[in-house]
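Structural description and commentary
As a plain string of letters, each chain reads:
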Amino acid sequence: MCDVCGCDHNHDSKSPHPPFGKGGQGGIPGERKIIDVNQSLLKSNEITALSNKKHFDEKGVLAVNLISSPGSGKTTLLEKTIDALKNNLSIGVLEGDIETELDAERIRKKGIPAVQITTGGACHLESSLIHKGFHELEHRLNGRKLDILFIENVGNLVCPSFFNLGEHIRVVLVSVPEGPDKPLKYPKAFKTSQIFIIAKSDLVRHFDFDIETVKKDALSLNPSLKIFVLSAKTGEGLSEWFDFLRKTLSHRSTQIDTET
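So, a few notes on the structure that sits alongside this text. (Residues numbered from 1 in each chain as written. Predicted model: local features only at pLDDT ≥ 70, side-chain atom pairs only at ≥ 80, totals over all residues. Heavy atoms only, no water.)

**Quick look at the packing of aromatic side chains**
Applying the stated rule across the entire model yields five aromatic pairs. Their ring planes at 85° and their centres at 5.0 Å tell us that F190 and F196 sit as a pair that is edge-to-face. You'll find F190 and F196 in the same group, each marked buried. Arranged with centres 5.7 Å apart and planes meeting at 75°, the rings of F228 and W241 form a pair that is edge-to-face. On the criterion of sequence distance, the pair formed by F228 in strand β7 (residues 226–229) and W241 in helix α8 (residues 238–259) is long-range, its members being 13 residues apart. (Phe/Tyr/Trp six-rings, centres within 6.5 Å; stacked < 30°, edge-to-face > 60°. Buried < 20%, exposed > 50% of the residue type's maximum accessible area, 1.4 Å probe, protein only. Helix = DSSP H or I, 4+ residues; strand = E, 2+ residues; numbered from the N terminus.)

Below is the structure:
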């Protein structure tokens, strides 16, 4: 029995979670979830998130959680990142959406395993869904080691910022057409992230968007934020983003080797 979700699967390559699909909250047909009203939902989520992170660490996987509003360019950034890294690193993706497998299908066309997690109306992913989705992804990998796990959260700058998924890095992404006020309007998303990406920078000349002011606002909330200004269309800033991921993964691998 799994010690996190209580299912009857051992979650090895021969006994994964049932396949994800439509039908019920979290995309698992027939599943029912009973929540004890005396226990905080966030507390329960945090317990599973810690278990997720421990599992990622044991597997040597770097988990990256991407949050943004709908249409900010998360999937496009993932596609560009996959193109740049897939020849040297093993990448997997968990795609969060309210409905459809459209984004997961885009990722699979890149030759990358992707598990779609449909929330059935919920505006965010929770750690229990990541737990089950990751085991399904491991099954699809068929024993192959994973280097980076990207989690594309449901398009929303509010709810996802409250739910730890067990990720090592949280990335908040804002595109230029959305406007410069997002850090001040949605402070939680910036306070809980380590990376801030300003996307679609090639459009800045068409909008009232002062990049330096937006950076200043974000840093006033979280002085430790690392900021990237990117354009998937022109390629601006992409190499710096790719290098950051490579260096972070290399640093983690060195730490793991030292600890073992």
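There's more to say after this.
**Quick word on the pattern of salt bridges**
Taken as a whole and assessed by the stated rule, the structure comprises eleven salt bridges. A salt bridge links R170 to E167, with the nearest nitrogen and oxygen atoms 2.9 Å apart. For R170, a relative accessible area of 4% corresponds to the buried category. Close ionic contact of D181 with K185 constitutes a salt bridge, the shortest N to O distance being 3.1 Å. We classify K185 as exposed; its relative accessible area is 54%. (Salt bridge = Lys/Arg side-chain N within 4 Å of Asp/Glu carboxyl O.)

**Notes on the sheet that holds strand β3 (residues 114–118)**
Spatially, seven strands are ordered β3-β2-β4-β1-β5-β6-β7 in an open sheet, and the strand pairing comes out parallel. Either end of the sheet is taken by a strand with one partner, and the two such strands are β3 and β7. Across the sheet, the mean angle from the axis of one strand to that of its neighbour is 20°, orientation sign disregarded. Each of β6 (195–199) and β7 is contacted by helix α7 (residues 211–221), which is oriented at about 160° to β6, the strand it contacts most. (Pairing = 2+ DSSP bridges. Axes fitted to C-alpha atoms, helices over the stretch in contact; angles between N-to-C directions. Contact = heavy atoms within 4.5 Å.)

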